[in-house]
Amino acid sequence: MTSTHTQVDIVIIGGGIAGLWLLNRLCNQGYYAVLFEQGDLGGAQTIASQGMIHGGIKYALGGAFTGASEAIADMPDHWRRCLKGEGDVDLSKAKVLSDHFYMWSTQSITSKVTSFFASKVTRGRVDAVDKKQRPPVFQDPAFNGSLYKLVDLVLDVPSVIQALADNYADRIFSIDWQQATLQQHPDGSVKSLLINNEQQSIALCAQQFIFTAGEGNEALCAMLGIAKPAMQRRPLKQVLVKHDYPYALYAHCMGANPSPRLTVSSHLCTDGKTVWYLGGDLATEGIQLNDDELINKARQELLDLFPWLDFSRSEWATLSIDRAEPKQKGLIKPDKAFAAKADQSSNVIIGWPTKLTLAPNMADEVFSLLNQASIKPQPPLAIEALSSLQQPAVATPCWETLFPQRNDSSNEIT
Ligand SMILES: Cc1cc2nc3c(=O)[nH]c(=O)nc-3n(C[C@H](O)[C@H](O)[C@H](O)COP(=O)(O)OP(=O)(O)OC[C@H]3O[C@@H](n4cnc5c(N)ncnc54)[C@H](O)[C@@H]3O)c2cc1C
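For clarity, every value in this text was computed on a predicted model and none was experimentally measured.

Looking now at the overall build of the protein chain. Counting its regular elements, the protein chain contains 12 helices and 21 strands. Computed over its C-alpha atoms, the radius of gyration of the protein chain comes to 23 Å, within 12% of the 22 Å expected for a compact globule of 414 residues. Along the first, second and third principal axes, the C-alpha atoms of the protein chain reach 70 × 55 × 40 Å. Contacts in the protein chain between residues far apart in sequence, at least 24 positions, make up 73% of those at least 6 positions apart.

Below, the structure written as structure tokens:
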């Protein structure tokens, strides 16, 4: 067995949007950064997300803009520059599902929403949609609510993960914690990531270790005795409905609450059918219900909101997933990206973007911590040893995995 001492600038652990975005930013700035993923890239929250890159309007509906909603307001333009290949990260190979999304309300709460959208807060960012311009799903004469178009966008998340991974494929590695450990100095700082397999032992040192493992940050911190920053989980239970309608819909339905009653995104499956992926209050309140109860509630919601559509021959599924975030007083929702130094480990940073949208914002937070610690790019050492490590694949989205595969010719479930 060979034993190699390897040195890079930054080791990132966790390959969701936070880790992949950060890897791209760091490498673009000349740092020798490498990323380790224990499963598939984007494998947890990122691949489960609805892909909406929003500027915070839905939060503003609940009250005035907060400082945090200002942080989010710049995000759609930031992502757009990256999608054009003109930003701080190259996303020119990623796909956009829609360059806007809608917000609608049922007739009963229309006046509240209308007066909000007519206010100064939303100027230039929200347009009322004329009857003739409505997307097909709202063209039915039975639709009598109000409809607005937000100048925010929806991304095809698997293509975003793939694009970010392709940009620096040679810096991304699989990790199996049965064969790897984080070694610490007596003061608690990380000495190295030690990887042992049959062929070799690599002691990987770095100026900085950054944990962007989403929910996995908790176990990584526990491994090193880090108590702060602490994490909170916000459970969700999303509903998926697979149908034959040609309608794609990307929209929030506003009800009586400040948060959306229902959020719908649409995803084309490889079998040609479309899944409407349902979140919003349905998913936050859905955690109290078993699968059948939640599916019944979702059916009823769609019947109430789209009485002109027939979902009776659709297939249904649910997905339980936790959002991982920095701990907040009273479990409230954090509204900006988070990155902070660990209390017990001076060369460890922990990050949670809290939203897909805010991944660029989290990378900025990390850069300010690196600048404060005067961490600059240094020549790497013996990095060839890493090339023998395996590389992770991109995760498969739930609309492809949660429904039984049907054989088209026989119409049988395979
Ligand atoms: C249902 C749902 C819908 C959402 N919709 C939106 C939306 O439309 N717009 C929006 O802005 N935000 C949305 N979000 C929030 C957004 O998805 C998350 O904030 C974001 O994806 C978090 O990214 P992350 O990289 O921190 O975590 P994750 O995507 O969870 O990635 C963490 C990665 O780390 C890996 N990992 C874990 N432990 C280890 C370890 N020990 N070693 C190595 N790797 C490890 C995991 O396998 C995973 O790949 C949604 C979230 C959910 C759950």
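In this section: the site of the ligand. G14, G16, A44, G214 and G216 are the nearest of the 39 residues found near the ligand. The set of elements that each furnish at least two residues to the shell around the ligand consists of α1 (17–28), β2 (33–37), α2 (45–48), α8 (217–224), β13 (231–243) and β17 (315–326). Taken together, the residues that form the shell around the ligand break down as 16 nonpolar, 20 polar and 3 charged.

Here we come to the nonpolar core. With 108 residues, the main nonpolar core has I10, V11, I12, W21, L22, A33 and L278 as its most contacted residues. With 8 residues, the top contributor of residues to this core is α1. Excluding anything up to four places from it in sequence, V11 contacts V34, F36, L193, L204, A206 and F209.

If you walk across this open sheet you meet the 3 strands as β3-β8-β4, and the pairing is antiparallel. The two strands at the open ends of the sheet, each matched to only one other strand, are β3 (52–53) and β4 (96–98).

Let's shift gears to helix α10 (residues 291–305). With 15 residues, α10 extends 21 Å from end C-alpha to end C-alpha; this agrees with the ideal 21 Å at 1.5 Å per step. Where α10 is buried, its residues touch β13, β16 (274–279), α9 (281–285) and β17.

This paragraph deals with the sheet that holds β17. Pairing between sheet strands relies on hydrogen bonds along the backbone, with the strands arranged either parallel or antiparallel. One open sheet holds the 8 strands; their spatial order is β6-β7-β5-β14-β15-β16-β13-β17, and the pairing between them is mixed. With one partner strand each, in any of the chains shown, β6 (126–128) and β17 form the two edges of the open sheet. This sheet shows a mean twist of 25° between the axes of neighbouring strands, independent of strand direction. The pairing of strand β15 (residues 260–268) with β16 spans 6 bridges and is classified as antiparallel. Across the sheet, T263 pairs through a bridge with G279, a residue of β16. Along the sheet, α10 contacts β13, β14 (251–254), β15, β16 and β17; its crossing angle with β13, the most-contacted strand, is approximately 60°.

Let's shift gears to the pairing of strand β11 (residues 190–196). With 5 bridges connecting them, strand β10 (residues 180–184) and β11 associate as antiparallel partners. Counterpart to Q183 in the pairing with β11 is S192. In this structure, the hairpin formed by β10 and β11 is closed by a connection of 5 residues, where G188 is found at a positive phi of approximately 100°. With 4 bridges joining them, β11 and strand β12 (residues 200–211) adopt antiparallel strand pairing. Paired with N196 across the two strands is S201, which belongs to β12.

The rules we used
- Residues numbered from 1 in each chain as written.
- Predicted model: local features only at pLDDT ≥ 70, side-chain atom pairs only at ≥ 80, totals over all residues.
- Helix = DSSP H or I, 4+ residues; strand = E, 2+ residues; numbered from the N terminus.
- Rg over C-alpha atoms; globule rule 2.2 N^0.38 Å.
- Contact = placed C-beta atoms within 7 Å.
- Near = placed C-beta within 6 Å.
- Nonpolar A, V, L, I, M, F, W, Y, C, P; charged D, E, K, R; others polar.
- Core = buried A, V, L, I, M, F, W, Y, C linked by C-beta atoms within 7 Å.
- Buried ≥ 20, exposed ≤ 12 C-beta atoms within 10 Å, placed from the backbone.
- Pairing = 2+ DSSP bridges.
- Expected span 1.5 Å × (residues − 1).
- Axes fitted to C-alpha atoms, helices over the stretch in contact; angles between N-to-C directions.

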